[in-house]
Protein chains: 2
Amino acid sequence: ADVAKGRAKAVQCQACHGMDGVAKIPEAPNLAGQNEDYLIKALKDFKSGARQNDMMSLVAKPLSDDDIANLAAFYHSLR
Amino acid sequence: ADVAKGRAKAVQCQACHGMDGVAKIPEAPNLAGQNEDYLIKALKDFKSGARQNDMMSLVAKPLSDDDIANLAAFYHSLR
C-alpha cells in the first residue's frame, strides 16, 4: 500500500474525516492511527453494501482495491 | 451518561478493544477518544442488526440504551 497515494485520494474524505484523521462532524469516526485491517474491511463492506451509510455507501462504491489499501495505509499512518 | 458505569461494563469489551481503547486484535478498531455519537450509533446498529459482525452482533444484543450511552462515554473519554 502507498501512503502518499492514500493521502492524495483522501482529499475526498477530508470534509468529514479530516486530512489529520480527526473527524470534523460528530457522526463521523476519527480515523487517525486506526487499525489498517479494520479500515480495509470497513471500506470493502461499504462498497459491497454489507455495511450501509448514506455517505459512505456512495463514496466507497467507485474505490478500487488499491484505493482502499492506500486510504487505509494513509489513515493508519496518522497519529 | 456515566463514564464510571461505562468502564465497569467495558470489562466485557476489553479482550478486543482494551480497557485503554487500543485494540488488542488487528480486526478490531481502536476506540480511545472516538466520537461519542459515532460509538452510540455503532452499538445501536449492531444491536438492531443494521450492522453485522459475528462478535459485535452477539455482545451488543443485550445492551440497554443506558449501557450503550455509558460505554460510548467511557471510550470517548480515553486519550
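These numbers were taken from a predicted model, which means no experiment stands behind them.

Procedures and definitions
- Residues numbered from 1 in each chain as written.
- Chains lettered and ligands numbered in written order.
- Predicted model: local features only at pLDDT ≥ 70, side-chain atom pairs only at ≥ 80, totals over all residues.
- Heavy atoms only, no water.
- Contact = heavy atoms within 4.5 Å.
- Buried area = accessible area lost by both parts, 1.4 Å probe.
- Salt bridge = Lys/Arg side-chain N within 4 Å of Asp/Glu carboxyl O.
- Polar contact = N/O pair within 3.5 Å; in protein donor to acceptor, adjacent residues only side chain to side chain.
- Nonpolar A, V, L, I, M, F, W, Y, C, P; charged D, E, K, R; others polar.
- Helix = DSSP H or I, 4+ residues; strand = E, 2+ residues; numbered from the N terminus.
- Buried < 20%, exposed > 50% of the residue type's maximum accessible area, 1.4 Å probe, protein only.

### A look at the interface of chain B and chain A
Every contact between the two is made by 13 residues of chain B and, on the other side, 13 residues of chain A. For the pairing of chain B and chain A, the buried interface totals around 1,200 Å² over both sides, and the portion due to carbon and sulfur atoms is 37%. Ranking the residues of chain B by area buried against chain A places N35, Y38 and R51 of chain B at the top, with a combined share of 35%. On inspection of chain B and its partner chain A, the count reaches 0 salt bridges. Where chain B meets chain A, there are 10 residue pairs in polar contact (both at pLDDT 80 or more). When the residues that make up the side of chain B that touches chain A are grouped by side-chain class, the tally is 6 nonpolar, 4 polar and 3 charged.

### A short note on the side chain of N35 of chain A
As for its position among the elements, N35 of chain A is in the loop between helix 2 (14-17) and helix 3 (36-48). Accessibility expressed as a relative area gives 14% for N35 of chain A, which makes it buried. Polar contacts involving the side chain of N35 of chain A include one to the main-chain carbonyl oxygen of A28 of chain B, which spans 2.5 Å. When neighbours within four sequence positions are excluded, N35 of chain A is seen to be in contact with H76 of chain A together with A23, I25, P26, A28 and N30 of chain B.

### Examining the pattern of salt bridges
All names here are of chain B. If you walk through the whole model with that rule in mind, you get 6 salt bridges over all chains. One salt bridge in this structure joins D20 and K24, with 3.0 Å as the shortest N-O distance. Given the relative accessible area of 38%, D20 is considered partly exposed. With a relative accessible area of 45%, K24 lands in the partly exposed category.

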